[in-house]
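Chain by chain, the residues:
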Amino acid sequence: MSWSITMPVLVAQADNELAGESAGLFEILLSGGVTGAIILVVLLSLSFVAAYLVFDQIMTLRRKEVLPEGLSETVRQALLTARLPEADAACRREPSVLSVVLLSGLAEIESGWHAVEKAVEDSLAEQSARMMRRIEYLSVIGNIAPMVGLLGTVTGMIFAFQQVAATRGAAGAGDLAEGIYQALVTTVGGLVVAIPSLAAYAVCRNRVDTLIADVAFQAQHSLHPVKRRPAKSVRPPKPARG
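As annotated in an unreviewed UniProt entry, the protein chain is MotA/TolQ/ExbB proton channel family protein from Roseiconus nitratireducens. Comment text from UniProt for the protein chain, heading Sequence similarities (unreviewed entry), reads "Belongs to the exbB/tolQ family."

To continue, consider the overall build of the protein chain. Broken down by element type, the protein chain carries eight helices and zero strands. Looking at the protein chain as a whole, 33% of its 242 residues qualify as buried. Residue pairs at least 24 apart in sequence account for 81% of intrachain contacts in the protein chain once pairs closer than 6 positions are excluded. Approximately 14,700 Å² of the protein chain is accessible, and the part contributed by carbon and sulfur atoms is 65%.

Once that is clear, we can look at the side chain of Ser139. With respect to the element layout, Ser139 can be found in helix α7 (residues 113-166). Classification of Ser139 as buried rests on a relative accessible area of 14%. The residues touching Ser139, leaving out its near neighbours within four places in the chain, are Leu198 and Tyr201.

What follows covers the pattern of salt bridges. Throughout the structure, instances matching the rule amount to six salt bridges. Linking Arg83 and Glu86 is a salt bridge whose minimum nitrogen-to-oxygen distance equals 2.1 Å. In this structure Arg83 comes out as partly exposed when scored by relative accessible area, which is 32%. For Glu86, a relative accessible area of 37% translates into the label partly exposed. One salt bridge in this structure joins Lys118 and Asp122, with 2.8 Å as the shortest N-O distance. Remark: Asp122 and Lys118 occur in helix α7; sequence separation between them is four residues, near one turn of the helix.

Moving on, we get to the packing of helix α4 (residues 71-80) against helix α5 (residues 84-93). Two elements in contact, α4 and α5, have axes separated by 7 Å at closest approach and are oriented at 165°. Our classification of the angle between α4 and α5 gives roughly antiparallel. Helix-helix and strand crossings are classified by hand; for α4 and α5 the assignment is left-handed. Contact residues: Leu71, Thr74, Val75, Ala78 and Leu79 in α4; Leu84, Glu86, Ala87, Ala90 and Cys91 in α5.

Here we come to the confidence of the model for the protein chain. Confidence along the protein chain averages 79 in pLDDT terms, with 75% of residues attaining 70 or more. At the low end of the mean pLDDT range in the protein chain sits helix α1 (residues 2-29), at 46; at the high end sits helix α6 (residues 97-106), at 92. Here residues 1-23 is modelled with pLDDT under 50, and outside its nearest four sequence neighbours on either side it reaches zero contacts, counting other chains as well.

Our focus in this paragraph is α6. Across the 10 residues of α6, seven count as buried, placing the element largely inside the fold. Here α6 has its buried residues at Val97, Leu98, Ser99, Val101, Leu102, Gly105 and Leu106.

When the UniProt feature table is mapped onto this chain, "transmembrane region" (unreviewed entry) is found at residues 28-55, 137-160 and 180-203. Between the first and last C-alpha atoms of residues 137-160 the distance is 34 Å; the span itself is 100% helix and 0% strand. Secondary structure over residues 180-203 splits into 100% helix and 0% strand, and the C-alpha atoms at its two ends are 35 Å apart.

Each value, and the rule that gives it
Residues numbered from 1 in each chain as written. Predicted model: local features only at pLDDT ≥ 70, side-chain atom pairs only at ≥ 80, totals over all residues. Heavy atoms only, no water. UniProt positions renumbered as here; feature names shortened; annotations may be inferred. Helix = DSSP H or I, 4+ residues; strand = E, 2+ residues; numbered from the N terminus. Buried < 20%, exposed > 50% of the residue type's maximum accessible area, 1.4 Å probe, protein only. Contact = heavy atoms within 4.5 Å. Areas by Shrake-Rupley, 256 points an atom, 1.4 Å probe, with all protein chains shown as cover. Salt bridge = Lys/Arg side-chain N within 4 Å of Asp/Glu carboxyl O. Axes fitted to C-alpha atoms, helices over the stretch in contact; angles between N-to-C directions. Parallel < 35°, antiparallel > 145°, perpendicular 65-115°, else oblique. Left-handed = near helix turned anticlockwise from the far one by under 90°. pLDDT = per-residue confidence, 0-100.

Given below as C-alpha cells:
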C-alpha cells in the first residue's frame, strides 16, 4: 500500500524538477534582455548555416562524386589504342572533378606531354580551390561565433556595471554576479557554435586534400600512355558539326 502511494509522489516530484530545470534554462537564455536575445538569434542563425554547410559537404565530398569508378581505366585503355574521341566521350558522360582534370589534359595532347602535365596541374589547383571555397565558410563561422558571443558578454557586463553605478554602489555583490552570469550566456553560445564548426572544417579540409591527391594519381595513371607516344600519333577529337 505504501509503495503504491510513494511511486506517484516520486514521479510527480521528478516531473516538477525537470520542469523547473527547463524553465530555469529558458530563463537563463532570455536573461540577457533584448541585446542578449538578438545575439542568441544571430548565433542560432550561424549554427543553421554551419549545419547546412556540413550536410552539403557530406553530399559533395563523396568519393563516387569526385572519382567515378572505372573512369580512369576507361580513359587509359582508350589512350593505349589511340582512341582519343572515346576517352573524351567517357569523361563527358560522367561529370566530376576527375573528368574535368582529364579533359584539361586531353585538350593539350597535340602540344606534347609537358603541355598535358601543365594543364592537369592547373586544373587540379583550380578544382581544389573550388572545393575549398565552400568549406572556408565553416572556418569563418568558427572564428566569428566566439566574437559575436563575446560582444554579447561585453555588452551585458557594461549594463551590469552601469546598474551598480546608477545605484551608487547600493547594488550588492549578488546583483553584480547575476548580471555577469547573464552576460556570459552569449559567450557559451558562441563557443557551442564555433567548436563543431571548426572541427567540421578540419575534417572537410583533410577530406578534400585526400580526394585531390587521389584525383592527381588517377589522372597521371590515365594519361601516362600519352607520355610514351609521339604527339602526332594521338590527335584530339574533331569538333562536332552543328
